[in-house]
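Below, each chain spelled out in residue letters.
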Amino acid sequence: MDIDDILAAVDRDDVSTPESATLDHQLLSRFWVAERGVSELLPWPAPLMDRVMTRVRKQIETIEDLAASSDPYSSNSNNPTLNLKLSILQTDLSRTQYLVRSVLRQRLAKLTKHSMHYLQLVSTNPQPTPDPASQQQQQPEDSIPDLTDVTDPAPLSGPEVSFLRAHQTLLAGHYGASFLSSFPPQLRRLDDNAGGTSMVQGPDLREAVFARCLADEVRVVVPPGDGVDEEQYGTTMRMGDVWVVRWEGIKDAWQRGDVEVL
């Protein structure tokens, strides 16, 4: 199936057609593979997940209706065609549910591993530098950004933002009660960057991934760092090529749909 057909179906409103369901399942599978393969949290595909969950709810209702019609006291209880259809629907539902659960587990693992990084990423209000007087009452919870004014939580979803703040609040309270309360007040923040070294660590974008080129050609980006002063373009991938490259080098190409992560 051509990638242009898949991308053209992203905004499709009719979720009842078999073609739309097939394309969305392929999109979900590709997103699942990419989420498992890269180190950072990928942008939440809200339209795709809304369509998938709409189909899941409808399929559950269909299965329940079929199961009710196969009641032992019903004349359709020994209908082999009905039982086969019910089995196929349940298998297809389990396949979709597995993909959704696996995506969510991967994202939760990344969120909990780099919780402060993503809280700062979605926060619209930078944390102010505490004055000397307030530093004497500093607590780990004070380093958690305020997310009340966040309107666009990308790359997270709304429920993920709520989970992330609740998780980090509990974690900060646990750290404070366990050992941070014995530290000097100025050393109790979880986002301390004294001495030019930040305590907040994000995902490593230099991790290698397997990628296949889907466009005529894709230039691998070489970002600043490791002796490179300015962003440069490295070697070129051709359509069908499978390379092992750094994620930061093909991230933009993946967002454009020019490459897929394997």
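Before reading further, recall that the structure is shown in the block above.
Throughout what follows, the structure given in this document is the object of discussion. Only a predicted model underlies this, so the values are computations on that prediction, with no experimental measurement involved.

Rules used in this analysis
Residues numbered from 1 in each chain as written. Predicted model: local features only at pLDDT ≥ 70, side-chain atom pairs only at ≥ 80, totals over all residues. Heavy atoms only, no water. Buried < 20%, exposed > 50% of the residue type's maximum accessible area, 1.4 Å probe, protein only. Helix = DSSP H or I, 4+ residues; strand = E, 2+ residues; numbered from the N terminus. Pairing = 2+ DSSP bridges. Salt bridge = Lys/Arg side-chain N within 4 Å of Asp/Glu carboxyl O. Phe/Tyr/Trp six-rings, centres within 6.5 Å; stacked < 30°, edge-to-face > 60°. Core = buried A, V, L, I, M, F, W, Y, C linked by side-chain atoms within 4.5 Å. Contact = heavy atoms within 4.5 Å.

Burial along strand 1 (residues 208–213) is one-sided: the face carrying Val209, Ala211 and Cys213 is buried and the face carrying Ala208, Phe210 and Arg212 is not. In this structure, strand 1 lies alongside strand 4 (residues 242–246), joined through five bridges in antiparallel fashion. Looking across to strand 4, one finds that Ala208 is bridged to Arg246. Where strand 1 meets strand 5 (residues 259–261), three bridges bridge the pair, whose relative direction is antiparallel. From the neighbouring strand, Arg212 faces strand 5, where its bridge partner is Glu260.

Taken as a whole and judged by the stated rule, the model has 13 salt bridges. Linking Arg51 and Asp24 is a salt bridge whose minimum nitrogen-to-oxygen distance equals 2.8 Å. Remark: Asp24 occurs in helix 2 (residues 18–37) and Arg51 occurs in helix 3 (residues 46–69); sequence separation between them is 27 residues. Residue Arg107 is joined to Glu35 by a salt bridge in which the shortest nitrogen-to-oxygen separation is 2.9 Å. Of this pair, Arg107 sits in helix 4 (residues 80–113) while Glu35 sits in helix 2, and the two are 72 residues apart along the sequence. For the pair Arg107 and Glu35, a shared accessibility class is recorded, and that class is buried. Three or more residues joined by partner-sharing salt bridges are found here, namely Glu35, Arg107, Lys110 and Glu160.

As a further point, take the packing of aromatic side chains. Scanning the entire structure with this criterion turns up four aromatic pairs. Judged by centre distance (6.0 Å) and plane angle (70°), the rings of Trp32 and Tyr98 are edge-to-face. One end of the pair, Trp32, is in helix 2; the other, Tyr98, is in helix 4, with 66 residues separating them in the sequence. With a relative accessible area of 44%, Tyr98 lands in the partly exposed category. In this structure an aromatic cluster arises from ring pairing among Tyr175, Phe179 and Phe183.

Below, the discussion takes up the nonpolar core. Across soluble globular proteins, nonpolar side chains have a tendency to be buried as a group. Ranked by internal contacts, the top residues of the largest apolar core, which has 34 residues, are Leu42, Val209, Val218, Trp247, Ile250, Trp254 and Val261. Taken together, the elements giving at least two residues each to this core come down to helix 2, helix 3, helix 4, strand 1, strand 2 (217–222), helix 8 (247–256) and strand 5. Ranked by the residues each element gives to this core, the list is headed by helix 4, at seven residues. If sequence neighbours within four positions are ignored, Trp247 has contacts with Val38, Glu40, Leu42, Leu205, Glu207, Val209, Trp254 and Val261. If you look at the next biggest cluster of nonpolar residues, it comprises 16 residues, including Tyr118, Leu119, Ile144 and Leu164.

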